[in-house]
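Single-letter residue listing:
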Amino acid sequence: MLPDRDAAEEAAEELAESLGLPEEPRPVRDALAGEDDAEDAQWLVVLEDPRSRHDREALRGLAERYEGWLEND
């Protein structure tokens, strides 16, 4: 979860490069419930990892560098 689109795009690019992904994850806007104002939107960079192959602490560190956080689910 990231605070704005720019941070999400930069994090997605870094994520793709560091993990050697075949394509860059696409950032997705997540408006807060009941909010229509784009200023109140957060951005998601979704990484499917059903086998838990990626280091959670490394992913958490990447999110925090962009003033975001890691969510599991």
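Read on for a plain summary of the structure. (Residues numbered from 1 in each chain as written. Predicted model: local features only at pLDDT ≥ 70, side-chain atom pairs only at ≥ 80, totals over all residues. Heavy atoms only, no water.)

**Observations concerning the overall build of the protein**
Okay, so step 1: If you tally the helices and strands in the protein, you get 2 helices and 2 strands.
Okay, so step 2: With 73 residues in all, the protein has 26% of them scored as buried.
Okay, so step 3: Relative to all contacts within the protein whose residues are 6 or more apart in sequence, the contacts with residues 24 or more apart total 48%.
Okay, so step 4: Carbon together with sulfur atoms contributes 42% to the accessible area of the protein, which is approximately 5400 Å² in total. (Helix = DSSP H or I, 4+ residues; strand = E, 2+ residues; numbered from the N terminus. Buried < 20%, exposed > 50% of the residue type's maximum accessible area, 1.4 Å probe, protein only. Contact = heavy atoms within 4.5 Å. Areas by Shrake-Rupley, 256 points an atom, 1.4 Å probe, with all protein chains shown as cover.)

**Regarding the nonpolar core**
Okay, so step 1: With 7 residues, the main nonpolar core is built from Leu 2, Ala 7, Ala 8, Ala 11, Trp 43, Leu 62 and Tyr 66.
Okay, so step 2: Among the elements that line this core, the one with the most residues is helix α1 (residues 5-19), at 3 residues.
Okay, so step 3: The contacts of Ala 11, once residues within four sequence positions are left out, are Leu 2, Leu 62 and Tyr 66. (Core = buried A, V, L, I, M, F, W, Y, C linked by side-chain atoms within 4.5 Å.)

**Points about the side chain of His 54**
Okay, so step 1: By secondary structure assignment, the location of His 54 is in the loop between β2 (41-45) and α2 (56-65).
Okay, so step 2: On the basis of relative accessible area, His 54 is assigned to the buried category, the value being 16%.
Okay, so step 3: Sequence-distant contacts of His 54, that is, excluding residues within four places in its chain, are made with Leu 19, Leu 47, Asp 49 and Leu 59.

**Overview of unusual backbone geometry**
Okay, so step 1: Backbone geometry at Ser 52 places phi at a positive 50°, although glycine is not the residue there.
Okay, so step 2: Relative to the helices and strands, Ser 52 is located in the loop between β2 and α2.
Okay, so step 3: The residue Glu 67 is not glycine, and still its phi comes out positive at about 60°.
Okay, so step 4: One can find Glu 67 in the segment after α2.

**What to know about the layout of surface pockets**
Okay, so step 1: Here the largest pocket is characterised by a volume of approximately 550 Å³.
Okay, so step 2: Residue lining of the largest pocket: 19 residues in total, with Val 45, Val 46, Leu 47, Leu 70 and Glu 71 positioned closest to the centre.
Okay, so step 3: Elements that contribute at least two residues to the lining of the largest pocket include exactly α1, β2 and α2.
Okay, so step 4: In terms of residues, the lining of the largest pocket owes the most to one element, α2, which gives 4 residues.
Okay, so step 5: A per-class count over the lining of the largest pocket returns 13 nonpolar, 1 polar and 5 charged. (1 Å grid on protein atoms, 1.4 Å probe; cavity = no way out; pocket = protein on both sides within 12 Å on 5 of 7 lines; lining within 4 Å. Points joined across faces, edges and corners; volume = space filled by probe spheres on them. Nonpolar A, V, L, I, M, F, W, Y, C, P; charged D, E, K, R; others polar.)

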